[in-house]
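Summary of structural features
One-letter residues, chain by chain:
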Amino acid sequence: MTVYFIGAGPGDPDLITVKGQRLIGQCPVCLFAGSLVPEAIVAGAPEGARVIDTAPLHLDQIIDEIADAHAKGHDVARVHSGDPSLYGAIAEQIRRLRALEIPFEIIPGVPAFAAAAAALGQELTVPELAQTVILTRTAMKSSGMPEGEDLATLGRSRATLAIHLSIRNLLHVERELTPHYGADCPVVVAYRVGWPDQAFLRGTLSDIREKARAAKLTRTALVFVGRVFEAAEFPDSALYDAAMPHVLRPRAEGARKKRG
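Per an unreviewed UniProt entry, the protein goes by the name Precorrin-4 C(11)-methyltransferase and belongs to Brevirhabdus pacifica. According to its UniProt record, the protein has this under Sequence similarities (unreviewed entry): "Belongs to the precorrin methyltransferase family." The record in UniProt for the protein states the following under Pathway (unreviewed entry): "Cofactor biosynthesis; adenosylcobalamin biosynthesis."

Here the largest pocket is characterised by a volume of approximately 1400 Å³. Around the largest pocket, the lining is made up of 44 residues, and of these Leu36, Ser81, Tyr87, Leu165 and Thr220 lie nearest the centre. Looking at side-chain class alone, the lining of the largest pocket contains 20 nonpolar, 16 polar and eight charged residues. Residue contributions to the lining of the largest pocket reach at least three from each of two domains, namely domain 1 (3-107) and domain 2 (112-230).

Taken as a whole and assessed by the stated rule, the structure comprises two aromatic pairs. The interplanar angle of 75° and the centroid separation of 6.2 Å between the aromatic rings of phenylalanine 5 and phenylalanine 104 together place this pair among those described as edge-to-face. Taken together, the residues phenylalanine 5 in strand 1 (residues 3-7) and phenylalanine 104 in strand 5 (residues 104-107) connect sequence positions 99 residues apart. Classification of phenylalanine 5 by relative accessible area gives buried; the value is 0%. Look at phenylalanine 104 and you get partly exposed, because its relative accessible area is 25%. Judged by centre distance (5.3 Å) and plane angle (45°), the ring pair of phenylalanine 224 and phenylalanine 229 falls under tilted.

As a further point, take the nonpolar core. Core analysis: the biggest nonpolar cluster contains 22 residues, and Leu177 and Val225 have the highest contact counts within it. Contributing elements (two or more residues each) for this core: helix 6 (151-155), strand 7 (160-164), helix 7 (170-181), strand 8 (186-191), helix 8 (208-214) and strand 10 (221-225). By residue number, the principal contributor to this core is helix 7, which donates four residues. Formed by 17 residues, the second largest nonpolar core is a distinct cluster that contains Tyr4, Leu23, Phe32 and Ala45.

What counts, and at which threshold
Residues numbered from 1 in each chain as written. Predicted model: local features only at pLDDT ≥ 70, side-chain atom pairs only at ≥ 80, totals over all residues. Heavy atoms only, no water. UniProt positions renumbered as here; feature names shortened; annotations may be inferred. 1 Å grid on protein atoms, 1.4 Å probe; cavity = no way out; pocket = protein on both sides within 12 Å on 5 of 7 lines; lining within 4 Å. Points joined across faces, edges and corners; volume = space filled by probe spheres on them. Nonpolar A, V, L, I, M, F, W, Y, C, P; charged D, E, K, R; others polar. Domains from an automatic or database assignment. Phe/Tyr/Trp six-rings, centres within 6.5 Å; stacked < 30°, edge-to-face > 60°. Helix = DSSP H or I, 4+ residues; strand = E, 2+ residues; numbered from the N terminus. Buried < 20%, exposed > 50% of the residue type's maximum accessible area, 1.4 Å probe, protein only. Core = buried A, V, L, I, M, F, W, Y, C linked by side-chain atoms within 4.5 Å.

Written out as structure tokens, the structure reads:
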């Protein structure tokens, strides 16, 4: 048997990969994080499958379910939100599986930051303005941040930030990033991306906390920070520039004459 860690995407059942959907439809055991994964995504589990919402379970209970499936030779669809490699809490599960010699495979999914950018109609890497995206979070009740990964340090780059698990820590975000980005730097809060009640809140470092409070956003939100969200005037990239030939596209004749 195999345990398949499947990235279900941010919420929209249509955003799961074909492979992930196929595996859910084949596995006789399906464990899904019900607080973040809609039941519609696991509705395709086989008839008679053991489908369990793991939201109320602790790690030992989850591993017990997997070990029981392993003993019976049953494949397991372990369904996580977004992409499992980002804040998916799969590392500790994998450590246990390796100790038990239970095989596993990871099936990537659409991460929330990518789905949010798509819904916003936004490119996160705009020429000569932002070419780096940093995915991070802040520490509250969860585990602490490693040395050198605090917002003040990351903010020195002035890269586009996608800050997870931090909607209730916006005062900290404001204080740490304002010296580097400026109080007027655009901020976008992406709430429940991919769900029917998806919403986006726009503001700046100076006012986003009050706007989020007024909107009563307290969980399941991603915070973007960066000048890219106000970009209107910027140069075209070299990728499709007729005057910039590459191995798959010789320089256009018109561009030769213009430059000649």
